[in-house]
Amino acid sequence: WGAHKIFTREMSAQAVRIALSGKVELSIRATSLLQCRNRKPLHASSNRRSTIAMANADNNMHIFQDQAEVADALASLTMKAAEQAIEERGSFTVALAGGSLIKLLGGLKGKNGIDWDNWHVFWVDERCVPHDDPESNYGGALQALLSDVPIPESQLYAIKESLCQKNEGAAQPCAAEYDARLKGLSRSILPTKDGLPIFDLLLLGFGPDGHICSLFPEHPLLKVTEPWILPISDSPKPPPERITFSMPVVNAAKKKCFTAIGEGKAEMAATIIKSAGDDPKIPASYVKGDVAWLMDAAGASLL
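So, here is what we can say about the structure in this document. (Residues numbered from 1 in each chain as written. Predicted model: local features only at pLDDT ≥ 70, side-chain atom pairs only at ≥ 80, totals over all residues. Heavy atoms only, no water.)

### A short note on helix α4 (residues 137–144)
Helical geometry note: an α-helix holds 3.6 residues per turn, so side chains three or four residues apart project in the same direction.
Next up, step 1: Among the 8 residues that make up α4, 6 are buried, leaving the element largely enclosed by the rest of the structure.
Next up, step 2: Taken as a whole, α4 has its buried residues at Asn-137, Tyr-138, Gly-139, Gly-140, Ala-141 and Ala-144.
Next up, step 3: Where α4 starts, the residue carrying a side-chain oxygen 3.3 Å from the main-chain nitrogen of Tyr-138 turns out to be Ser-136. (Buried < 20%, exposed > 50% of the residue type's maximum accessible area, 1.4 Å probe, protein only. Helix = DSSP H or I, 4+ residues; strand = E, 2+ residues; numbered from the N terminus. Polar contact = N/O pair within 3.5 Å; in protein donor to acceptor, adjacent residues only side chain to side chain.)

Shown next as structure tokens:
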């Protein structure tokens, strides 16, 4: 591996895996080429092998060898955001998606030096179902991580279970209650600016149709700016009734992080990253600001 050896951007997933066998990080710049160079890992707490890091417009993209390395990088990114927020104001706010992201949360288990007492955990969207329902994003996160770490229960901001014993008719009251609860928090916990909450970190997923949170392609909610938490009663994916962050709330967060694992995510990940932005057919293209991408080789194979 010479420091100036250049590879074409069309490197296959197999070639990426070969490249990852050395302690090397590659950066994609505006030249559409990959240039090989040695570099420090993403976070000092990670001792895994190597990454391929890519920079594109506002996106900061990192490709890893496999899911385990992505989970470790996600843990490092989250820990760093938490350390900074707690140092600045004494609390850390993170909001989680559901779906495949939940499986990666276990990377935080067993990490040292985490000030769990000052974590405040929210959900960017939630299905209006009881907490023990298999469809519950809160329930999934509880199983993957939250039941194993000492975050105070009062600082896990789950949907109010008594309002969603059945899905039909639950979205409106659940959204109103969640919106009021967030707006009632101390500004030392959840600061605001220009009428919007400033979360420290959003851990986002995306669907094969490009939806994020419960904001779906060409849905009217994409253009709704108030309140913070929106009800959706006609989700194209079951269950139909859900609550979701509005797009302005998503974009107001200090940092957003997408993950893409496996070939099934590759096509849409490439579509989102290459999009010009604000495409109503691709809600994830609306996400702006400090956006990180953590991907495995298969998930990045179509970049």
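### Digging into the pairing of strand β6 (residues 92–96)
Looking along a regular strand, one sees side chains alternate from face to face of the sheet.
Next up, step 1: The buried count for β6 comes to 5 of 5 residues, which makes it a mostly enclosed element.
Next up, step 2: Across the two faces of β6 the burial is the same, with Phe-92, Val-94 and Leu-96 and Thr-93 and Ala-95 all buried.
Next up, step 3: Alignment of β6 against strand β7 (residues 119–123), held across 5 bridges, turns out to be parallel. Bridge pairing in β7 links Phe-92 to Trp-119. (Pairing = 2+ DSSP bridges.)

### Describing the sheet that holds strand β8 (residues 125–127)
Next up, step 1: On the basis of which strands lie adjacent, the open sheet formed by 3 strands has the order β8-β13-β12 and antiparallel pairing. Strands with a single pairing partner mark the edges of an open sheet, and in this sheet they are β8 and β12 (229–232). The mean inter-strand angle of the sheet, taken between neighbouring strand axes irrespective of direction, is 20°.
Next up, step 2: Bridging between β12 and strand β13 (residues 242–245) involves 4 bridges; their strand directions are antiparallel. Paired with Ile-232 across the bridge in β13 is Arg-242.
Next up, step 3: Against the sheet, helix α5 (residues 171–183) contacts β12 and β13, and its axis sits at roughly 170° relative to β12. (Axes fitted to C-alpha atoms, helices over the stretch in contact; angles between N-to-C directions. Contact = heavy atoms within 4.5 Å.)

### Side note on the state of the cysteines
Disulfide: a covalent bond connecting the sulfur atoms of a pair of cysteines.
Next up, step 1: Evaluated as defined, the whole model comprises 0 disulfides.
Next up, step 2: Left without a disulfide partner, Cys-174 is nearest to the cysteine sulfur of Cys-128, which lies 4.2 Å away.
Next up, step 3: For Cys-174, a relative accessible area of 1% corresponds to the buried category. (Disulfide = S-S within 2.5 Å.)

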